[in-house]
Amino acid sequence: MVSSPPRRPPQLTRSGIALAGEELPLYAGSVHYWQLEPEHWRPCLQALVDMGLRLVDTYVPWAVHEVLPGKLDLGESNPRLDVVRFLRLAAELGLRAIVSPGPHINAELTYFGLPERVVWDPACQARGPSGNPVLLPMVPHMFPVPSYASQAYLDEVRRYFHLLGAALAPLRYPEGPIVLLQIDNEGALFFRDGAYDQDYHPDAIGQYRAFVRARYDTITALGEAYGAHARVDDASRDDASGAPGLRFSSLLPPRRFAATDASQLAYYLDWAAFQEQLLVQALARFRKDLEAAGLGGLPTSHNFPMAQDTTPLTAARVGQVVDLIGYDYYHRASEGDRATVARRTSALATRCEALDLPAFACEIGAGFPPYFPPLSERDSEFTVLSALAYGLRGFNLYMAVERDRWIGAPVDRRGRARPFAERWRKLCAALGEVDFHRLRRHAPVRLLVPRIERRLARVMHAFGPATGALFSVMGQGARESCFEDDLGLGYPLAIEADTFVRSFEQALDARGVPYAHASGEDRDILVRGARWIVCATSGGFADSLALELATAAAAGTRVTLGPRPRRFDGAMRALGEVDPLAGVEVLEKTDPASAAAAVSRAVEALGLPHYASDPDGIQVTVHHDEAGEMRVAFVINATAADVVARITLGADGSWRDLLDGGSTRSEDGLLELRVKPHSVRMLARGE
């Protein structure tokens, strides 16, 4: 008898997950088994199948399962906790599974799913600049958050993973339904993510000093970078002079922004860079411990919260230790939120397509927790359709099934579909009909914000505990939230670059030119498929990015810098040699009129595609198949007006509304149709 070859583990692709004999699009729904009666698990999971979802997503809450330190209840005493039975039932119904063992899961649980004993252990607690525990003001009551650097905390997590892994390992694909493993949750320092909020835990200070040592190598180089501005441990003072000695072993991180000159910025920017590395190191440790617990061989993911660019999370760095970066979406049906969704999703999609990964929403909001501002069903539908319009290829409906501390799920906790479930069924059917997970939105224009601009906005944030994330969620940026100090440069850092980007967004939207945002850290991804790169800079970014842009310009890609020419490196230190971008176009204006003129010149010179609409305020995106044929168009009306739009598509044919029925035709490249207020129409092109 000839044995069949072993089945390959799941593989992420641009369209989803490749399994033996099928490519699975990532259309998932969250069901929290421990919040439901076991007799309702089957109807709840069947409701997912009926909506057209292909995967069930669930957290495994550490605190709920732990009965004693080192002992978990996995259904032996409480049937609600039988996660193995729940996942086997999902497999029986044909569902695959995304499982998140944490350690942090949030899920609106007290202590975010962490055991109370761990949260209140001083050795595990993150520390503020004064050495006190860092408290998160969260309902039902505030609590001290763990430190991602704490060895005590990491050791506790390792023990938990080892206990859980024994039960979950046999459920990995192909023997079981688990095809994707989410590591931790929204790792933005538990939302205390201001640059000077944390982490001053002794273990974090040790890692910080090692980080700085690796960056500068010698005390001389450290002194040249930081000068006398840096804080040091009082115990390191020179016995003879009483002056503090600047050494790696005595260095302390900044507690607040106190720079008076641009030459002092490296000290603060390095602290922000260290916080980015701190999170990556913790996620790498979690992944290693999960693999040691028997959960290796599965692709891994991590979800970024809203306003992720204001946190220490960076896709390029986290992507070194986690396979798939996804975003969370909780937005309203408004123009400001439409612009935010476009900004976030286009950056995610550009990165994922270049890496042959699916652009995935780890959480696409269906409902809201009771302490959030209410989100209506219209808000949820507008958000998911807008995200799909800008390049999303998969999503996890959060929450698909009702549970405690959640309002508005399309399925109740007994598995009975509510009216809104029908809209999700129609959407999944529409996506399947056009093979949407295999389509692509082309974006030949890239708006690039180097990572240093994000770091500058973090370290120069002017509102203390009200972090930059709060401003970002409200649709505001550096110009509303940062210090306006010029630090001797004659212009306000961070603020001008933020204004520059917004002006180009408005100008490109007005002409209907497809564009995407991009991160300066994803240098090799940035230029793929780009015909024009607009780089917003306060005058400094890393040499490696400058070289990448110079190479792209030499190969024929149009590159525009603004509002400042490059004069500094990635730590805002003056350049010591000729900049490779010395001959690149610089637009030293931030006003919308100058941006509009630059866009008009580029459209004519480069022949950029554009999908303009009359009246203004209607946004259009188009999606092509692998042969380059236009297959799907989204028409977005984020305004409060009921409009009849005339849209320049440049292609004739019939267009059918995939969600609400009805059809129309485009003639001479023009499409005319009605779009209701705060809505998105999804159209499929026929002959």
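Calculation notes
- Residue numbering note: each chain is counted from 1, following its sequence as written.
- The predicted nature of this model means local features are confined to residues of pLDDT at least 70 and side-chain atom pairs, given and counted, to a pLDDT of 80 or more, with totals for whole chains, interfaces and linings taken over all residues.
- Side-chain calculation: all heavy atoms of the structure are included, whereas hydrogens and water are not.
- Secondary structure elements are taken from DSSP: a helix is a run of H or I of four residues or more, a strand is a run of E of two residues or more, and numbering for both begins at the N terminus.
- One side-chain nitrogen of Lys or Arg within 4 Å of one carboxyl oxygen of Asp or Glu is enough to make a salt bridge.
- In this scheme, a residue with accessible area under 20% of its type's maximum is buried, one over 50% is exposed, and one in between is partly exposed, where area comes from a 1.4 Å probe on protein chains only.
- When we speak of the arc, we mean the arc of directions from the helix axis to the C-beta atoms.
- When two rings of Phe, Tyr or Trp (its six-membered ring) have centres within 6.5 Å they constitute a pair, described as stacked for plane angles under 30 degrees, edge-to-face for angles over 60, and tilted for the intermediate range.

A. Looking closely at the environment of alanine 429. Its location among the elements puts alanine 429 in helix H12 (residues 420-433). Placed 92 residues apart in sequence, alanine 429 and aspartate 337 show a C-alpha to C-alpha distance of 26 Å.

B. Structural context of the pattern of salt bridges. What the rule picks out here adds up to 43 salt bridges. Glutamate 22 serves as the salt-bridge partner of arginine 96, at 3.3 Å between the closest nitrogen and oxygen. Highlighted residues: arginine 96 in strand E8 (residues 96-102) and glutamate 22 in strand E3 (residues 22-24), separated in sequence by 74 residues. Residue classification places arginine 96 among the partly exposed residues on the basis of a relative accessible area of 22%. By relative accessible area, which is 29% here, glutamate 22 ends up partly exposed. Here glutamate 92 and arginine 42 are joined by a salt bridge, their closest N and O atoms 2.6 Å apart. Within this pair, whereas glutamate 92 is found in helix H3 (residues 83-92), its partner arginine 42 is found in helix H1 (residues 41-51), the two being separated by 50 residues in sequence. Accessibility expressed as a relative area gives 38% for arginine 42, which makes it partly exposed. Here the residues in one salt-bridge network are Glu66, Arg117, Glu156 and Arg159, joined through shared partners.

C. Spotlight on H3. Within H3, the full set of buried residues consists of Val83, Phe86, Leu87, Leu89 and Ala90. Down the axis of H3, the buried set is contained in an arc of 155 degrees. They therefore lie on one face. Phi turns positive, to about 90 degrees, at glycine 94, one or two residues after H3.

D. The packing of aromatic side chains, seen in detail. Counted by the stated rule, this structure contains 34 aromatic pairs. Between phenylalanine 161 and phenylalanine 286, the aromatic rings sit 6.3 Å apart at their centres with planes inclined by 80 degrees, giving edge-to-face as the arrangement. In this pair, phenylalanine 161 is assigned in helix H5 (residues 151-168) and phenylalanine 286 in helix H8 (residues 265-295), connecting sequence segments 125 residues apart. Given the relative accessible area of 0%, phenylalanine 286 is considered buried. With centroids separated by 5.6 Å and ring planes inclined at 25 degrees, the aromatic side chains of tryptophan 271 and phenylalanine 274 adopt a geometry described as stacked. Pair noted here: tryptophan 271 and phenylalanine 274 are both in helix H8, with a separation of three residues, about one helical turn. Its relative accessible area of 0% is what places tryptophan 271 among the buried residues.

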